[in-house]
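Remarks on the overall topology
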Amino acid sequence: MVDRAESIPYDRLVDRGPILFAQTLCLLVLVLRLVGSSAWDLGDGALHYLQARHSWQHAHLFFDQWAKPLYVLLGSSFAQLGGWGMTLFNTLVAGATAILLIALLRERSALVRWAVPILLLGATQYFRMVISGMTEPLFGLITVLCVYFLIRERWAWAMVTLSLSPWTRPEYVAFAPCAVAFVLYHRQPRALLWLLPIPLLYLATGLLVLGEKFWLFAKDPYLGNTAYGQGTLDHFLVRSPEVLGVPLLCLAAFAVPLLGALFWRDLQRRAEHATIIWLAVVPVLGIWMIHSYAYWAGGHASSGLIRVLATTVPLTVLFTAHAWGALLPMRMHRWTCVAGGAGGLALALWVQDDLRL
């Protein structure tokens with residue numbers, strides 16, 4: 001009985017500790033925004049805030065593809081609080097994303113789950129987008145939620161979630177095919193019908209509000225826009241340290257070949273590794289390649305802004321934590337806990353130093 005009683009606090013710390021830690025970091029981000037001297041992004045950050053704030057008086061903003069319809073719908077109430085309200089909204093989004101990632105890594109070492117909030121909120125552009133009240137974190141949450149449902153074989157819920165992604169960010173074009181292919185591979189074609197209700201609802205509502213049948217295409221700010229410019233093909237790759245931050249970039253770069261090795265050698269968990277590769281690694285690489293090509297080719301709705309790749313951070317954290325977690329024992333002993341705690345502290349110091357600079 002004594003051993004059992006002593007294990008309860010440890011089990012609670014293992015299960016709840018990373019979640020409480022994630023929420024604490026999100027709260028710190030909000031505090032930093034409140035005591036800071038600016039919104040961190042006074043361009044599109046200010047624009048998105050104003051679009052969400054005034055959507056109640058101008059209903060067409062709920063269908064504005066530059067404003068991002070789902071972002072406006074969910075964030076409009078927070079925008080009434082002022083500019084910091086959108087940071088509050090994004091800290092809740094980031095907190096929910098961290099909880100889902102921790103849940104997806106439930107079969108990995110507790111050290112990995114403790115590292116998730118550090119890697120997520122320590123990624124340079126993700127942090128900037130959260131504190132600036134931008135649209136990228138919401139897309140990250142949608143992708144992770146969809147992956148969560150797919151892995152749990154909640155096919156209908158996964159497809160409903162996926163159907164929200166086009167109303168969140170254009171990067172869905174790299175993620176959606178992987179999710180649909182995953183459903184078809186598992187012989188669940190009926191689940192694809194759940195992709196229809198939300199788009200049909202949006203299109204019908206848009207028709208009533210805007211009075212235009214093909215508003216989705218007529219109001220698209222990306223089609224035919226020649227103002228984006230163009231640059232080198234390796235533009236985003238060269239600036240990848242500014243996107244992910246050096247700590248996550250280094251860990252993710254090694255995680256990709258590590259996942260390949262795990263797929264071939266760890267036969268017992270091959271299906272699990274294959275799922276992470278297909279639902280996390282492939283979409284992340286797809287988004288990076290699509291933006292790289294679009295900016296290089298010009299006229300394809302990419303102006304070289306590195307912040308757009310903050311959309312890939314949650315899935316990057318997922319496959320990175322999954323890969324490195326496979327090397328750690330599930331149950332930690334005293335000395336491994338001490339070593340792991342020291343490693344986690346070192347990671348946190350490295351991340352905050354990189355983020356601060």
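Going by the structure above, here's the rest.
Residues numbered from 1 in each chain as written. Predicted model: local features only at pLDDT ≥ 70, side-chain atom pairs only at ≥ 80, totals over all residues. Heavy atoms only, no water.

1. Re the packing of aromatic side chains
As enumerated under the stated definition, the model contains eleven aromatic pairs in all. Each ring, one from Phe63 and one from Tyr202, has its centre 6.3 Å from the other, and the planes form 90 degrees; the classification is edge-to-face. Of the two residues, Phe63 sits in the loop between α2 (44–53) and α3 (69–79) while Tyr202 sits in helix α10 (residues 197–210), which places them 139 residues apart along the sequence. Lys68 extends its terminal NZ or CZ atom over the ring of Trp66, reaching a point 5.5 Å from the ring centre. (Phe/Tyr/Trp six-rings, centres within 6.5 Å; stacked < 30°, edge-to-face > 60°. Helix = DSSP H or I, 4+ residues; strand = E, 2+ residues; numbered from the N terminus. Lys NZ or Arg CZ within 6 Å of the ring centre and 35° of its normal.)

2. Overview of the pattern of salt bridges
Close approach of charged atoms lets side chains of opposite charge pair. As enumerated under the stated definition, the model contains five salt bridges in all. Of the charged contacts, one joins Asp44 and Arg307 as a salt bridge, the two residues approaching to 2.2 Å between their closest N and O atoms. Of this pair, Asp44 sits in helix α2 while Arg307 sits in the loop between α15 (270–297) and α16 (313–325), placing them 263 residues apart in sequence. We note that Asp44, like Arg307, is buried. Between Arg169 and Glu136 there is a salt bridge; the shortest N-O distance is 3.3 Å. Taken as a pair, Arg169 in the loop between α8 (155–164) and α9 (172–185) and Glu136 in helix α7 (residues 136–151) lie far apart in primary sequence, 33 residues in all. Each member of the pair Arg169 and Glu136 is classed as buried. Here the salt bridges do not stand alone but share partners, grouping Glu136, Arg169 and Glu171 into one network. (Salt bridge = Lys/Arg side-chain N within 4 Å of Asp/Glu carboxyl O. Buried < 20%, exposed > 50% of the residue type's maximum accessible area, 1.4 Å probe, protein only.)

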